[in-house]
Structures are given as structure tokens and as C-alpha cells.
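Residues per chain are reported as follows:
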Amino acid sequence: MLVRTFPDVIDLHPAVVIILAGTNDIAANNGPETMLMVEENIQAISELSQKHGIKVILCSVLPVSNYTNQPQTPRHPPAQIVALNKWLHDYAGRTGALYCDYYSAFS
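About the cut-offs
- Residues numbered from 1 in each chain as written.
- Predicted model: local features only at pLDDT ≥ 70, side-chain atom pairs only at ≥ 80, totals over all residues.
- Heavy atoms only, no water.
- Helix = DSSP H or I, 4+ residues; strand = E, 2+ residues; numbered from the N terminus.
- Rg over C-alpha atoms; globule rule 2.2 N^0.38 Å.
- Expected span 1.5 Å × (residues − 1).
- Buried < 20%, exposed > 50% of the residue type's maximum accessible area, 1.4 Å probe, protein only.
- Arc of directions from axis to C-beta.
- Contact = heavy atoms within 4.5 Å.
- Pairing = 2+ DSSP bridges.
- Axes fitted to C-alpha atoms, helices over the stretch in contact; angles between N-to-C directions.
- Phe/Tyr/Trp six-rings, centres within 6.5 Å; stacked < 30°, edge-to-face > 60°.
- Disulfide = S-S within 2.5 Å.

(A) Region of interest: the overall build of the chain. Looking only at helices and strands, the chain has five helices and three strands in total. What you see in the chain, going N to C, is helices and strands ordered as α-β-α-α-β-α-β-α. For the chain, whose C-alpha radius of gyration is 14 Å, the value lies close to the compact-globule estimate of 13 Å for 107 residues. Expressed along its principal axes, the backbone C-alpha trace of the chain runs to roughly 45 × 25 × 20 Å.

(B) Region of interest: helix 4 (residues 78-95). Taking 1.5 Å as the rise per residue, helix 4 with 18 residues should run 26 Å; its terminal C-alpha atoms sit 26 Å apart, in good agreement. Residues I81, L84, N85, W87, L88, Y91 and A92 constitute the buried set of helix 4. Considered in projection along helix 4, the buried side chains sweep an arc of 160° and stay on one side of the axis. Exposed and oriented more than 90 degrees from the buried face of helix 4 are A79, K86, G93 and R94. On its buried face, helix 4 sits against helix 2 (23-26), helix 3 (35-51), strand 2 (55-59), strand 3 (98-100) and helix 5 (102-106).

(C) Quick peek at the sheet that holds strand 2. Pairing within the open sheet is parallel, and its three strands lie in the order 1-2-3. Edge positions in the sheet fall to strand 1 (16-20) and strand 3, since each has one partner strand and no second. Taken over all neighbouring pairs, the strand axes of this sheet differ in orientation by 25° on average, direction set aside. In this structure, strand 1 lies alongside strand 2, joined through five bridges in parallel fashion. Within the sheet, the bridge partner assigned to L20 lies in strand 2 and is C59. Where helix 3 meets the sheet, its contacts fall on strand 1 and strand 2, and the angle it forms with strand 2 comes to roughly 155°. Along the sheet, helix 4 contacts strand 2 and strand 3; its crossing angle with strand 3, the most-contacted strand, is approximately 150°.

(D) Fine view of the packing of aromatic side chains. All told, the structure shown has one aromatic pair when counted by the stated rule. Aromatic side chains W87 and Y91 sit 4.8 Å apart centroid to centroid with 10° between the ring planes, which places their arrangement in the stacked category. You can see W87 and its partner Y91 sitting in helix 4, four residues apart, about one turn around the helix. Among the residues examined, W87 registers a relative accessible area of 14% and is labelled buried.

(E) Up close: unusual backbone geometry. Located in the positive-phi region is H13, a residue other than glycine, with phi close to 55°. Tracing the sequence through the fold places H13 in the loop between helix 1 (5-8) and strand 1. Owing to a relative accessible area of 67%, H13 belongs among the exposed residues under this scheme. The backbone phi angle of A28 is positive, close to 60°, even though this residue is not glycine. Looking at the element boundaries, A28 is found in the loop between helix 2 and helix 3.

(F) Quick peek at the state of the cysteines. For the coordinates displayed, the defined rule picks out zero disulfides. Between C59, a free cysteine, and C100, which holds the nearest cysteine sulfur, the sulfur-to-sulfur gap is 4.6 Å. With relative accessibility at 25%, the residue C100 sits in the partly exposed group.

Following this line, the structure appears as C-alpha cells:
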């Protein structure tokens, strides 16, 4: 998503960008990543957007459950989701971004 920030966000001059990110990172769908790497990518997207006058809405990562034949929690550990959501909430508060708490609504 970071690589696409200029062509898909900044170059289009939107008033707002909504960032819903992190679940694929937690699941390591594109290879292993540390939580710091995930946080820094979201931070970079947010800061680039704000620098270009775009308001940022950071969305919480959705909860997962094991309701299908293929359990989801081993690849999406709930503790990591909660930790990233706390960071997103705190980061939004520090930077003037809005925080949209889907997690609580879906839990």
C-alpha cells in the first residue's frame, strides 16, 4: 500500500483517505513482517497524505474467529490484532487522524 500512496491517493487529490490495513500483514500474506514494520508503513502513508493536505481516517483491524473449516486465528492471532488496533488508536490521537473502531462494533 505504501508504494501505491502517490498514484492511488496523493496524485488524485482526495479530501480524505481511509486506511484499513494490517490484517494481511499480521497473516504474513506477503512474507514475514514485524509489528514495527506494519506500524511504520501505516505511519508513512498517513504522514505522506497529511503532508499533502489529505485528512486521514485510520480503521481498526477487524476481529477474526474460527467459524469456517479453515481456522483463522492461527494466521491472525487476536492478540496481535488488539495490539495493532491500540497502536492505531494512539497514533491517530497523536497525529490528528480520525480513528474508526470497526473492531468493537464487530466483536
